[in-house]
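Here is what each chain is made of, one letter per residue.
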Amino acid sequence: MPAKPTATNIVQLDRIDSTNEEAKRLARQGGAEGTFVIAMEQTAGKGSQGRTWASPVGGVYLSTVLRAKAPHPPTTLSILAGVAAAQTVRDSLPKSFEVSVKWPNDVLLDGKKVAGVLCESLDDGSETNPLCVLGIGINVNLDQSQLSPFAGNPFGATSFQIVTSGKKHPIEPVAQRLVTKLTNLHELYWTEGFAPVAMIWERNCSTIGRPLRFALKEKEIEAVCVGIDRSGALVLSNERGEQSAHAVGEIKCFLP
Ligand code: BT5
């Protein structure tokens, strides 16, 4: 059993292709566990499934290398990262703003996407406690024109600057807060397992008890969200009360 990783090393960069790629390069050289890579700007920021993440100066772009702890799969770490990002956004803004996490790990600020998470597994030969890169992007000082390409997405896009009527926010404390939240949550996960992290996720989510439209690979279904299971999969209940767990898929919208 490897030792519990701690935040040992923070690499600060002005500009990089992708902090996830840099974290992977460091991991390949060995000893990257617990390392944080933070950049002011990404030239090739990545979303999930080959999508891109707009990453101009004004956002927080952070990746860290952590191990999932058996028997929990890497998906549990991506849930953990969503919780850390939501806590970071909430603690960085006045309490009047509504912050929630949408399964699995998008963070919504007043109902619009303000942060995203990309979790990638690294094959380091350890099947028991796989090494993962967790990448988080938070829109802090991005303006309307920088986010307008995403206005048509199901949950749109927003930033700290947009919701606070154009106010600029210091980036450094947001990045620092995210490092602390990730470190604390990973410690909790490592010592007590995924269950307490899942409970915090459920407390922070906008989803439980709400009817929603969910896109599976080949069809869309309407169901009520019940919670997440021990692997981080979304548990839905249909109109007959039958429950199903979904490891993949996307919440398209909430229903009235
Ligand atoms: C995500 O993907 O939400 C994962 C984003 C992870 C970004 C971090 S930044 C640090 C680390 N290094 C990287 O290279 N990546 C990670 P997904 O759910 O697939 O959402 C991507 C979609 O959101 C895109 O196809 C756009 O439609 C939209 N989008 C792109 N940039 C955005 C932004 N800055 N804010 C809101 N939406 C955005």
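Above: the structure in question.
Residues numbered from 1 in each chain as written. Predicted model: local features only at pLDDT ≥ 70, side-chain atom pairs only at ≥ 80, totals over all residues. Heavy atoms only, no water.

Novice: Which parts of the structure should I look at to understand the pattern of salt bridges?
Specialist: The final tally for this structure, using the stated rule, is 16 salt bridges. Among the salt bridges present, the one from Arg 67 reaches Glu 33, with a minimum N-O distance of 3.1 Å. Of this pair, Arg 67 sits in strand β3 (residues 59-67) while Glu 33 sits in the loop between α1 (19-28) and β2 (35-42); the two residues are 34 residues apart in sequence, bridging distant segments of the chain. For Arg 67, a relative accessible area of 10% translates into the label buried. Residues joined by salt bridges that share partners form a network here, namely Glu 21, Lys 24, Lys 46 and Glu 120. (Salt bridge = Lys/Arg side-chain N within 4 Å of Asp/Glu carboxyl O. Helix = DSSP H or I, 4+ residues; strand = E, 2+ residues; numbered from the N terminus. Buried < 20%, exposed > 50% of the residue type's maximum accessible area, 1.4 Å probe, protein only.)

Novice: Explain the sheet that holds strand β12 (residues 250-254) here, please?
Specialist: Hydrogen bonds between backbone atoms are what pair the strands of a sheet, whose relative direction is either parallel or antiparallel. Ordered in space as β11-β10-β9-β8-β12, the 5 strands form an open sheet in which the pairing is antiparallel. Whereas interior strands pair on both sides, the edge strands pair on one side only; in this sheet they are β11 (243-246) and β12. Ignoring which end each strand starts from, the neighbouring axes of this sheet average 50 degrees apart. Relative to strand β10 (residues 234-237), strand β9 (residues 220-228) runs antiparallel, the two sharing 4 bridges. Residue pairing in the sheet places Val 224 in a bridge with Ser 237 of β10. (Pairing = 2+ DSSP bridges. Axes fitted to C-alpha atoms, helices over the stretch in contact; angles between N-to-C directions.)

Novice: Is there a simple way to explain the state of the cysteines in this structure?
Specialist: Here, the word disulfide means a covalent bond between the sulfur atoms of two cysteines. This structure, assessed with the given rule, holds 0 disulfides. There is no disulfide at Cys 205, and the cysteine sulfur nearest it, in Cys 225, is 5.6 Å away. No disulfide involves Cys 253; its sulfur sits 14 Å from the nearest other cysteine sulfur, which is in Cys 225. (Disulfide = S-S within 2.5 Å.)

Novice: Even after reading the chapter, I still don't get the site of the ligand, so can you show me in this structure?
Specialist: Close to the ligand lie 28 residues, the nearest being Ser 18, Lys 46, Ser 48, Arg 51 and Lys 113. Arg 51 places a polar side-chain atom, nitrogen or oxygen, 2.7 Å from an oxygen atom of the ligand. Separating an oxygen atom of the ligand from a side-chain N or O atom of Lys 113 is a distance of 2.7 Å. In isolation the ligand offers 790 Å² of accessible surface; the protein chains occlude 92% of this area. At the level of secondary structure, the elements contributing two or more residues to the shell around the ligand comprise α1, β3, β6 (112-122) and β7 (131-139). (Near = heavy atom within 4 Å. Polar contact = N/O pair within 3.5 Å; in protein donor to acceptor, adjacent residues only side chain to side chain. Areas by Shrake-Rupley, 256 points an atom, 1.4 Å probe, with all protein chains shown as cover.)

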